[in-house]
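A structural walkthrough
Here is what each chain is made of, one letter per residue.
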Amino acid sequence: MKKKTFCILTGAAIALLALSGCAGFGPAVTDIKSFHFSYQVGNYMNGSVAYELKLEADGSYTAKIKPNTVAEENAKEYKVGKEFADELAAFLREKKVSRWNGFQKSNKHVLDGNGFSFSLWTTEDKNISASGYMRWPRGYDEVKAGIEAIFAKLEK
């Protein structure tokens, strides 16, 4: 009888966690307040790429692109409208990036590898964050390519 009660209670707890959103699903990607995505391409000076988007006090957005081998202070900045932020948010929703929330894994067997960092804050002050070193969440390559394509439109 004790075993049966334990199984029922455990099952109920798992169901509650799944329904409450605590089972690896982060908040929904809505209006973006700030966004940061960066990854390493090598272990040398400025060997990383970064994309940022920030909502300014006047309601406009500032987008920032730091290409590989370029110092942070020389990153390119662009003033963009809400349409750009909405396009990025729609893409991140489509790719279910909220499932990345809490991803923080590394491969301890690799000493000279690459990593990534992802952070998104919504205007409702909800956060999705993830990072990894030689480990990536599901769909990483697709999301990375999509983010790069969206930001690349600014450089044309």
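Since this is a predicted model, take the numbers as computed values, not measurements. (Residues numbered from 1 in each chain as written. Predicted model: local features only at pLDDT ≥ 70, side-chain atom pairs only at ≥ 80, totals over all residues. Heavy atoms only, no water.)

Some details on the packing of aromatic side chains
Inspection of the entire model under this criterion finds 13 aromatic pairs. Ring geometry for Phe37 against Tyr140: centres 6.0 Å apart, planes inclined by 50°, an arrangement best described as tilted. Placement of Phe37 in strand S1 (residues 32–40) and of Tyr140 in helix H3 (residues 140–152) is noted, with a sequence separation of 103 residues between them. Take Phe37 and Tyr140: they sit in the same class, and that class is buried. Judged by centre distance (5.1 Å) and plane angle (55°), the ring pair of Phe116 and Tyr140 falls under tilted. (Phe/Tyr/Trp six-rings, centres within 6.5 Å; stacked < 30°, edge-to-face > 60°. Helix = DSSP H or I, 4+ residues; strand = E, 2+ residues; numbered from the N terminus. Buried < 20%, exposed > 50% of the residue type's maximum accessible area, 1.4 Å probe, protein only.)

Digging into the nonpolar core
Counting 32 residues, the largest nonpolar core has Phe35, Leu53, Leu92, Phe118, Ile147 and Phe151 as its most contacted members. With six residues, helix H2 (residues 82–94) is the largest single contributor of residues to this core. Excluding anything up to four places from it in sequence, Phe151 contacts Phe35, Tyr51, Glu52, Leu53, Ala63, Lys64, Ile65, Phe84 and Leu88. (Core = buried A, V, L, I, M, F, W, Y, C linked by side-chain atoms within 4.5 Å. Contact = heavy atoms within 4.5 Å.)

Some thoughts on the pattern of salt bridges
Evaluation of the coordinates by the stated rule reveals eight salt bridges. A salt bridge links Glu87 to Lys153, with the nearest nitrogen and oxygen atoms 2.4 Å apart. Placement of Glu87 in helix H2 and of Lys153 in the segment after H3 is noted, with a sequence separation of 66 residues between them. The class of Glu87 is partly exposed, set by a relative accessible area of 31%. Accessibility expressed as a relative area gives 47% for Lys153, which makes it partly exposed. We note a salt bridge from Lys95 to Glu94, for which the minimum N-O separation is 3.7 Å. On the accessibility criterion, Lys95 (25% relative accessible area) is partly exposed. Each of Asp31, Lys82 and Asp86 takes part in salt bridges that share partners, so that together they form one network. (Salt bridge = Lys/Arg side-chain N within 4 Å of Asp/Glu carboxyl O.)

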